[in-house]
Amino acid sequence: MQKTICLIGAFDTKGQEYAFLREQIVSRGYKVFTVNTGVLGSTDLFPVDVEADRVVEFGGGHLEQLRKKKDRGEAMKIMCAGATATAKALYAEGKFDGIIGMGGSGGTTVVTSAMRVLPLGVPKLCLSTLASGDVSVYIGTKDITMMPSIVDIAGINRISSVIFSRAAGAICGMVEKDITKIAADKPVITASMFGNSTECVNACAKELAAKGYEVLVFHTTGIGGKTMESLVSEGLVDAVLDITTTEWADTVCGGVFDAGTERLDAPGRMGIPHLIVPGGVDMAKFRAPDTVPAKYKEAGRIFYEWNPSVTLMRTNKEENRKMGQVFAEKANAAKGPVAFLIPLKGVSILDGDGQPFCDRETDKEMFDAIKSNVKEGIAIVEMDNNINDPEFATKAVQMMLELIKEVRSERK
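Described in the following lines is the structure provided in the data block. (Residues numbered from 1 in each chain as written. Predicted model: local features only at pLDDT ≥ 70, side-chain atom pairs only at ≥ 80, totals over all residues. Heavy atoms only, no water.)

**Here we look at helix 4 (residues 72–92)**
- When the terminal C-alpha atoms of helix 4 are compared, their 30 Å separation across 21 residues agrees well with the 30 Å that a helix rising 1.5 Å per residue should span.
- The complete set of buried residues in helix 4 reads Ala75, Ile78, Met79, Cys80, Gly82, Ala83, Thr86, Ala87 and Leu90.
- Check the buried side of helix 4 and you find it contacts strand 1 (4–9), strand 2 (31–36), helix 2 (52–58), helix 3 (63–69) and helix 5 (105–116).
- For helix 4, the capping residue at the N-terminal end is Asp71, with a side-chain oxygen 3.1 Å from the backbone nitrogen of Gly73. (Helix = DSSP H or I, 4+ residues; strand = E, 2+ residues; numbered from the N terminus. Expected span 1.5 Å × (residues − 1). Buried < 20%, exposed > 50% of the residue type's maximum accessible area, 1.4 Å probe, protein only. Contact = heavy atoms within 4.5 Å. Polar contact = N/O pair within 3.5 Å; in protein donor to acceptor, adjacent residues only side chain to side chain.)

**Considering the sheet that holds strand 8 (residues 239–242)**
- Taken in spatial order, the 6 strands of this open sheet run 7-6-8-9-13-14, and their pairing is parallel. For this open sheet the edge positions go to strand 7 (214–219) and strand 14 (379–383), each flanked by a neighbour on one side alone. Strand after strand, the sheet turns through a mean of 20° between neighbouring axes, direction not considered.
- Pairing between strand 8 and strand 9 (residues 274–276): 3 bridges, direction parallel. (Pairing = 2+ DSSP bridges. Axes fitted to C-alpha atoms, helices over the stretch in contact; angles between N-to-C directions.)

**Some remarks on the side chain of Thr315**
- Among the secondary structure elements, Thr315 is positioned in the loop between strand 12 (310–314) and helix 13 (317–332).
- Within the structure, the side chain of Thr315 is placed 2.8 Å from the side chain of Asn320, a separation counted as a polar contact.
- When near neighbours in sequence (up to four residues on either side) are disregarded, Thr315 contacts Ala249, Cys253, Val281, Asp282, Met283, Ala284, Arg301, Asn320, Met323 and Thr362.

**Structural notes on the pattern of salt bridges**
- Summed over the entire model, instances satisfying the criterion amount to 20 salt bridges.
- Linking Lys330 and Asp265 is a salt bridge whose minimum nitrogen-to-oxygen distance equals 2.8 Å. Of this pair, Lys330 sits in helix 13 while Asp265 sits in helix 11 (residues 265–270), and the two are 65 residues apart along the sequence.
- Taking relative accessible area as the criterion, Asp265 reaches 23% and is therefore assigned partly exposed.
- For Glu365, the salt bridge is made with Arg321, and the minimal N-O distance between the two is 3.0 Å. Of this pair, Glu365 sits in helix 14 (residues 360–373) while Arg321 is found in helix 13, placing the two residues 44 residues apart along the sequence.
- Each of Arg314, Asp351, Asp353, Arg360 and Asp363 takes part in salt bridges that share partners, so that together they form one network. (Salt bridge = Lys/Arg side-chain N within 4 Å of Asp/Glu carboxyl O.)

**Re the nonpolar core**
- Formed by 57 residues in total, the largest nonpolar core has its most connected members in Ile25 and Ile100.
- Within the second largest apolar cluster, 27 residues are counted, among which are Tyr213, Ala239, Ala396 and Ile404. (Core = buried A, V, L, I, M, F, W, Y, C linked by side-chain atoms within 4.5 Å.)

**Considering the packing of helix 4 against helix 5**
- Axis separation between helix 4 and helix 5 bottoms out at 7 Å; the angle between their running directions is 30°. Taken together, the axis directions place helix 4 and helix 5 in an arrangement best described as roughly parallel. Relative to helix 5, the crossing made by helix 4 is right-handed. For the pair formed by helix 4 and helix 5, the contact residues are Arg72, Met76, Met79, Cys80, Ala83, Thr84 and Ala87 on the first element and Gly106, Thr109, Val110, Ser113 and Ala114 on the second. (Parallel < 35°, antiparallel > 145°, perpendicular 65-115°, else oblique. Left-handed = near helix turned anticlockwise from the far one by under 90°.)

**So, the pairing of strand 14**
- In this structure, strand 13 (residues 338–343) lies alongside strand 14, joined through 5 bridges in parallel fashion. Its bridge partner being in strand 14, Ala339 is matched across the sheet by Ala379.
- The handedness of the strand 13 to strand 14 crossover, carried by helix 14, is right-handed. (Right-handed = clockwise from strand over helix to strand, strands pointing away.)

**Here we look at the packing of aromatic side chains**
- Evaluation of the coordinates by the stated rule reveals 7 aromatic pairs.
- Taking the centre distance of 5.0 Å and the plane angle of 80° together, the rings of Phe11 and Phe46 count as edge-to-face. Here Phe11, found in the loop between strand 1 and helix 1 (15–26), pairs with Phe46, found in the loop between strand 2 and helix 2; they are 35 residues apart in sequence, far enough to count as distant.
- A residue is classified by how much of its surface remains accessible, and Phe11, at 1% relative accessible area, is buried.
- On the numbers, 6.3 Å between centres and 55° between planes, the contact of Phe20 with Phe164 is tilted. Of the two residues, Phe20 is situated in helix 1 and Phe164 in helix 7 (residues 160–176); the sequence distance between them amounts to 144 residues. Taken as a pair, Phe20 and Phe164 share a single burial class, namely buried.
- An aromatic cluster of three or more residues is present, and its members are Phe11, Tyr18 and Phe46. (Phe/Tyr/Trp six-rings, centres within 6.5 Å; stacked < 30°, edge-to-face > 60°.)

**Focus on the packing of helix 13 against helix 14**
- Axis separation between helix 13 and helix 14 bottoms out at 7 Å; the angle between their running directions is 30°. Relative to helix 14, the element helix 13 lies roughly parallel. Note on packing geometry: the crossing formed by helix 13 with helix 14 is right-handed. Across from Lys317, Asn320, Arg321, Met323, Gly324, Gln325, Phe327, Ala328 and Asn332 in helix 13, the residues of helix 14 making contact are Glu361, Thr362, Asp363, Glu365, Met366, Ala369, Ile370 and Asn373.

And the structure:
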C-alpha cells in the first residue's frame, strides 16, 4: 500500500519551499496530504487538503478575526492548538503515515506542537533553523527528529535545495521502513538509570527479563525521567523500578538534569507498582566546571568532574532532608502499591566507602526524612549494601515482584 506523508506548515510565506519539498516526496513515490497553518493566506503552487481556516477552527478561533486583530502572539497560540487538534484527528482517520514540517521559531513551534500529539513510532521530522540549539521545548517527550536547515528557510538555492531533498529522503525512508515489532504480550517495567547506578539496573533488567518482563531503561537526564513518566501516564507501563531518582537533586539544586516537580507522580497517580530507591541523590549535575553557580563554589561544596561536559556536586544535609520529605509525600499520595529500598553503604558509585562523595551522615538525613514522613503501611527496607552490590539488585527485583503480585491479588 502506498504510504502518505503529511506536509504541515505556513504555505502563505513558505509556499515555494513547501512546493519543492512536496515535489521531492512525490518523486519518491509517496502521496502527500497538505495542511496549511499560514494565517495570512495560502498557495496555488500545489493542492491544499486542509486550509488554515479549518485549522484555526480546531483551535477554537476564527481566521478572519485573527487577521483583523493582527496579534501575532494570539495567532500563534490558536494556531498551535489548532495544528495539534488537526494532526490528532487526521491521524486517527488514517490520513497519513508520517509527518514533516519546517520553519523558523514560529513555524517550528506550530509544526512540532502537531507532532507531539502523535503516538510514539509515527515518523516525525522538523526541518528547522533552530535545530542546532536546545530543542527540548519543541521535542518534549516525543520521538521528533530535528534537522538543521543550515540556511534560513527562505527560497530555493544551492544549499536549501540539498537540505530539503535530504529531509524528503529522510521522512520517506522513515515511513517506508517496516518496523519489526517485539511481542507485546510481556508486561512492561520501566527502570531509571544513570552512570552511577548502571551495574544495579543492568542486573535488575537481566533478572526481570529472565522472569518474562520487558524492561525499558530510561537515562535520568531530566528529559529521560519526564519521558518515563509520560509513558506511565499514557498507560503503557505495568510497573516502575525507580532505582535512580537523582533528577530530584537537580530539581532541588538547580542542576541541568531537572525533571520537574512532578517526577515520581505518574506511577502513584496511575496506581501501578512503584519501587523507589534514592539512587544518585548524592549528586546535582552541571555542565563544564565554569557553569557551576558561584554560590556553590563560594560555599566550598565538593565537586567531581564526571566528564568534560558534566560536573557533579555533592548534595548537603539540607538538600537531602528536603528530598526525603518530597519522596515520602509522593509515596503517601500513591493510589497503588509503593515501597522504598535504601542502600546504607552508598546511593551511587561515588558514594561508596572511601569514594569522593561518601558521607553517611548526609545520606542519613534523607533516609530519616523518608522514615519520619511516610505514612504507615508503606514498606521501607534498608540494606547494608552499596546500590551497585549484586545483593541489592536481587532484593530490588524481589520487592518489585512482590508489589506486582500485590496488584494482581487485588484485581482477582
